[in-house]
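Fold and contact review
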Amino acid sequence: VLSIAYCACVACQTVVARSTHTLFPPAAQCRQNTPCFSRLSDMSTTGLAVGANKGHVVTKLQRTKAPRTTTKRMKVVRDVVKRAMGLAPYEKRILEVIKTGGGNVEKRAYKMAKQRLGTNKRAKAKREELKNVYAAQRAAAAKASSA
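First things first, this report covers the structure right here in the doc. (Residues numbered from 1 in each chain as written. Predicted model: local features only at pLDDT ≥ 70, side-chain atom pairs only at ≥ 80, totals over all residues. Heavy atoms only, no water.)

A look at the packing of helix α2 (residues 89-100) against helix α3 (residues 105-117)
- Orientation of α2 relative to α3, taken along the N-to-C sense of each, is 170°, at an axis distance of 9 Å. When the axis of α2 is compared with that of α3, the two are roughly antiparallel. From α2, Y90, R93, I94, V97 and I98 reach across to α3, where they touch V105, R108, A109, M112, A113, R116 and L117.
- Residue composition of the contact of α2 with α3, by class: nine nonpolar, no polar and three charged. (Axes fitted to C-alpha atoms, helices over the stretch in contact; angles between N-to-C directions. Helix = DSSP H or I, 4+ residues; strand = E, 2+ residues; numbered from the N terminus. Parallel < 35°, antiparallel > 145°, perpendicular 65-115°, else oblique. Contact = heavy atoms within 4.5 Å. Nonpolar A, V, L, I, M, F, W, Y, C, P; charged D, E, K, R; others polar.)

Examining α2
- If you check α2, its first and last C-alpha atoms are 17 Å apart, about what 12 residues at 1.5 Å a residue would give, namely 16 Å.
- Along α2, the residues classified as buried are Y90, E91, I94, L95, V97 and I98. One side of α2 holds all its buried residues, which, seen down the axis, span an arc of 155°. Exposed side chains of α2 directed beyond 90 degrees from the buried face belong to P89 and T100.
- In the core, the buried residues of α2 are packed alongside α1 (72-85), α3 and α4 (120-146).
- Remark: G101 follows α2 within two positions and exhibits a positive phi of approximately 75°. (Expected span 1.5 Å × (residues − 1). Buried < 20%, exposed > 50% of the residue type's maximum accessible area, 1.4 Å probe, protein only. Arc of directions from axis to C-beta.)

Section: the pattern of salt bridges
- Summed over all chains, the structure comprises eight salt bridges.
- Between E91 and K126 there is a salt bridge, with the nearest N and O atoms lying 2.6 Å from each other. One end of the pair, E91, is in helix α2; the other, K126, is in helix α4, with 35 residues separating them in the sequence.
- Across the pair R127 and E128 runs a salt bridge, and its minimum N-O distance is 3.7 Å.
- When salt bridges that share partners are traced, they join K82, E91, K126 and E129 into one network. (Salt bridge = Lys/Arg side-chain N within 4 Å of Asp/Glu carboxyl O.)

Digging into α1
- In a regular helix each residue adds 1.5 Å, so 14 residues correspond to 20 Å; α1 covers 20 Å between its end C-alpha atoms and thus fits that length.
- Counting buried positions over the 14 residues of α1 gives zero, only a small fraction of the element.

Below you can see the structure in the form of structure tokens.
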């Protein structure tokens, strides 16, 4: 069985194939005529059906991380949906915790939000959002009672 190992020359960065069979000595040479023995760890696929780097040779696409910006339209749509649908059941429970008060309300609200949303950042944002909703409700109630 003849197996091929791929190596990269440190000096000129060329990729060369060399035999690893005992009958065939490793006779890979790079452009500078020096023996090349440094193995490539992240070698791409070879096009062969067997081996460590088996698979069809393809050109990998470079993924670009698109910036997550909220447009005016997205804000309006989310606002309309929030007004039409109201709060989700878990948001209502968190709002009840905020309304009832007691010991360490913010921590309890955070823990409930974290359990549902999964990340620290999202939980803090949701807690602040619901605190603002409660403040708006109190302001509306105060305005209605004074008028």
